[in-house]
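Fold and geometry: a report
This is what each chain is made of:
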Amino acid sequence: MEQELIDLIETQINKELYSAYLYFDIAEFYRSKSLDGLHSWFEKQAQEEIEHAEKFAEYLHDSDVQFKLLPIDAPSNKFDDLRAPLMLQIEHEKYVTSLIHNIYKVAEKIGDIATKNFVSWYVSEQIEEEKTAKDILDKYDLFAKDGGLGLYQFDKDIGSSRK
Ligand code: OFO
């Protein structure tokens, strides 16, 4: 595999693990507010990000590439309100989508058909990731932003929305 693609995928493994860190951080924020449904949802999202990183690592391994793991930044987000992490999730997923698209474009430029095919899975996954993040924010704005029972029900629903 071309070094340019190896570098990009090593970086992507790092970014996926950073996503996990970020979502663990958000999960902790909600737990500190006694919103156990949101806590549980973001914890599962963090696990999913680790799986995304593992999938890339496995692909490099299967392609007979020796790769290195890069240091993961610490998320330093202090959130002003309950809505801020939901907004941050959308922005972060858009950023991850741009990184995935770049890997796809470089694979195309180089003519690495196998990597292009492999990364296609992530292209579709990112559509889902962005949609889900937007749905959560929309529901929060519609039903939960004023607190009280609306927030209670929203938190309960989101907590049971994924196993
Ligand atoms: Fe790995 O999809 Fe979110 O970041």
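Up top is the structure these notes are about.
Residues numbered from 1 in each chain as written. Predicted model: local features only at pLDDT ≥ 70, side-chain atom pairs only at ≥ 80, totals over all residues. Heavy atoms only, no water.

**Re a negative patch on the surface**
Negative charge collects at one region of the surface, where Glu51, Glu54, Glu58 and Asp62 lie side by side. Relative to the helices and strands, aspartate 62 resides in helix H2 (residues 36-62). (Patch = residues over 30% accessible without salt bridge, like charges linked within 9 Å, V, L, I, M, F, W, Y side chains within 5 Å. Areas by Shrake-Rupley, 256 points an atom, 1.4 Å probe, with all protein chains shown as cover. Salt bridge = Lys/Arg side-chain N within 4 Å of Asp/Glu carboxyl O. Lys, Arg positive; Asp, Glu negative; His and termini not counted. Charge placed at Lys NZ, Arg CZ, Asp CG, Glu CD. Helix = DSSP H or I, 4+ residues; strand = E, 2+ residues; numbered from the N terminus.)

**Some thoughts on the environment of lysine 105**
Its location among the elements puts lysine 105 in helix H3 (residues 84-110). Under the relative-accessibility criterion, lysine 105 is labelled exposed at 56%. Distance from lysine 105 to lysine 116, taken between C-alpha atoms, is 8.1 Å for residues eleven residues apart in sequence. (Buried < 20%, exposed > 50% of the residue type's maximum accessible area, 1.4 Å probe, protein only.)

**Some remarks on H3**
With 27 residues, H3 should cover 39 Å at 1.5 Å per step; its first-to-last C-alpha distance of 39 Å lies within 8% of that length. Residue glycine 111 follows H3 closely and has a positive phi angle near 85 degrees. (Expected span 1.5 Å × (residues − 1).)

**Things to note about the pattern of salt bridges**
Counted by the stated rule, this structure contains seven salt bridges. We note a salt bridge from glutamate 4 to lysine 109, for which the minimum N-O separation is 3.2 Å. Of this pair, glutamate 4 sits in helix H1 (residues 3-32) while lysine 109 sits in helix H3, and the two are 105 residues apart along the sequence. In this structure lysine 109 comes out as exposed when scored by relative accessible area, which is 58%. Ionic pairing is found between lysine 131 and aspartate 135, a salt bridge with its closest N-O pair at 2.7 Å. Residue lysine 131 and its partner aspartate 135 are located together in helix H4 (residues 113-144), separated by four residues, close to a single helical turn. Using a relative accessible area of 28% as the deciding quantity, one classes aspartate 135 as partly exposed.

**Quick look at the packing of aromatic side chains**
Two numbers describe a pair of aromatic rings. These are the distance of the centres and the angle of the planes. One pass over the full model with this rule turns up eleven aromatic pairs. Consider the rings of tyrosine 140 and phenylalanine 154, whose centres lie 5.8 Å apart with planes at 70 degrees: the pair is edge-to-face. Taken together, the residues tyrosine 140 in helix H4 and phenylalanine 154 in helix H5 (residues 148-159) connect sequence positions 14 residues apart. Side by side, tyrosine 140 and phenylalanine 154 carry an identical accessibility label, which is buried. Through pairs of rings, three or more aromatic residues link up here, namely Tyr23, Phe29, Tyr30, Trp41, Phe42 and Phe79. Here the basic side chain of lysine 55 rests over the ring of tryptophan 121, its NZ or CZ set 4.3 Å away from the ring centre. (Phe/Tyr/Trp six-rings, centres within 6.5 Å; stacked < 30°, edge-to-face > 60°. Lys NZ or Arg CZ within 6 Å of the ring centre and 35° of its normal.)

**As for the nonpolar core**
Among the nonpolar cores identified, the biggest contains 25 residues, and Ile26, Tyr30, Leu38, Phe42, Leu86 and Phe154 are the most heavily contacted of them. Counting only elements with at least two residues in this core, the list comes to H1, H2, H3, H4 and H5. A total of eight residues in this core trace back to one element, the largest contributor, which is H1. Once you skip the residues sitting within four places of it in the chain, phenylalanine 154 turns out to touch Leu38, Ile136, Lys139, Tyr140 and Ala144. (Core = buried A, V, L, I, M, F, W, Y, C linked by side-chain atoms within 4.5 Å. Contact = heavy atoms within 4.5 Å.)

**Considering unusual backbone geometry**
For serine 34, which is not a glycine, the phi torsion comes out positive at approximately 65 degrees. Positive phi, normally seen in glycine, also occurs at aspartate 64, with a value near 65 degrees. In this fold, aspartate 64 is placed in the loop between H2 and H3.

**Some remarks on the side chain of histidine 52**
Tracing the backbone through its elements, the reader meets histidine 52 in helix H2. Look past the residues within four positions of histidine 52 in its chain and what remains in contact with it is Glu16, Trp121, Tyr122, Glu125 and Glu129.

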